[in-house]
Amino acid sequence: MFGWYFTYIPLGKNADPDLIARADQRFYMAHWVREMRSRKPVFLMDFWNDGQYVEGCIAGGRSYLHINAAGDVEPCAFIHYSNANIRSVSLLDALRSPLFMEFKENQPFNENHFRPCPLLDNTGALAEMVKASGARSTQPLAKEDVDDLTAKCARAATEWIPSATHLWEEKSPQH
């Protein structure tokens, strides 16, 4: 059995950044998931705290991508920006698109794999890639400026750094 843990990401113009997991909650979750792996017959994956197992972020076509209902090929289900649509280009060409090339050139986004995400963990990384690639917002209702989105995550990213550093130095047991 497998289970996935995803934490809240404030996507959309009216998304509330106060709902992002606090650093102490994320730190607790990192240890709790590892404990459950050792005690229960289920392999739990913690989307943001298990970067050490996959050497950082898996998005951007490295091991994963997302195609939304409109056909936009996005680097991740939580990254609603694109400059390729599967209805007009092949999947291979989408993977060669400017945004996906930016992801490829910048991964890993941090050598500390407890900080894998270009949105949630590395302030400004996503905005730089979106701007450099000329990608557009693919939010279905109201387009979200990438600077507005990344600003929502900046406080959480900064507050997470000490805990992520501790976890990385601790090199939590790999269960």
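Details of the structure are given in the entry above.
Note that the structure is predicted; figures quoted are calculated from it, not measured.

> What is the right way to look at the packing of aromatic side chains in this model?
The geometry of an aromatic ring pair comes down to the distance between the two centres and the angle between the two planes. Counted according to the given criterion, the structure contains 12 aromatic pairs. Consider the rings of phenylalanine 47 and tryptophan 48, whose centres lie 4.9 Å apart with planes at 75°: the pair is edge-to-face. The exposure class of tryptophan 48 is buried, given its relative accessible area of 2%. Through successive ring pairs, a cluster of aromatic residues spans Trp4, Phe6, Phe47, Trp48 and Phe78.

> Whenever I open this one, the environment of alanine 30 confuses me. Can you help?
Along the chain, alanine 30 turns up in helix α1 (residues 23-39). Under the relative-accessibility criterion, alanine 30 is labelled buried at 1%. Separated by 16 residues in the primary sequence, alanine 30 and aspartate 46 place their C-alpha atoms 7.3 Å from one another. Sequence-distant contacts of alanine 30, defined by excluding residues within four places in its chain, comprise Asp46, Asn49 and Leu167.

> Would you take a moment to explain the side chain of asparagine 122 for this structure?
Locating asparagine 122 in the fold gives a position in the loop between α4 (98-106) and α5 (125-133). Assessed through its relative accessible area of 7%, asparagine 122 is described here as buried. Reaching out from asparagine 122, the side chain makes a polar contact with the side chain of asparagine 110 at a distance of 3.0 Å.

> I'm lost on the pairing of strand β1 (residues 2-5) in this one. Help?
Walk down a regular strand and you will see the side chains alternate between the two sheet faces. By the bridge criterion, four bridges tie β1 to strand β2 (residues 43-46) in an arrangement that is parallel. Bridging across to β2, glycine 3 finds its partner in leucine 44. With respect to chirality, the unit in which β1 leads through α1 into the neighbouring parallel β2 is right-handed.

> Teacher, can you tell me more about a nonpolar patch on the surface here?
Nonpolar side chains collect at one region of the surface, where Ile67, Ile86 and Leu91 lie side by side and expose about 220 Å² of accessible area between them. Relative to the assigned elements, isoleucine 67 resides in strand β3 (residues 66-67). Look at isoleucine 67 and you get partly exposed, because its relative accessible area is 37%.

Criteria and cut-off values
Residues numbered from 1 in each chain as written. Predicted model: local features only at pLDDT ≥ 70, side-chain atom pairs only at ≥ 80, totals over all residues. Heavy atoms only, no water. Phe/Tyr/Trp six-rings, centres within 6.5 Å; stacked < 30°, edge-to-face > 60°. Buried < 20%, exposed > 50% of the residue type's maximum accessible area, 1.4 Å probe, protein only. Helix = DSSP H or I, 4+ residues; strand = E, 2+ residues; numbered from the N terminus. Contact = heavy atoms within 4.5 Å. Polar contact = N/O pair within 3.5 Å; in protein donor to acceptor, adjacent residues only side chain to side chain. Pairing = 2+ DSSP bridges. Right-handed = clockwise from strand over helix to strand, strands pointing away. Patch = residues over 30% accessible without salt bridge, like charges linked within 9 Å, V, L, I, M, F, W, Y side chains within 5 Å. Areas by Shrake-Rupley, 256 points an atom, 1.4 Å probe, with all protein chains shown as cover. Salt bridge = Lys/Arg side-chain N within 4 Å of Asp/Glu carboxyl O.

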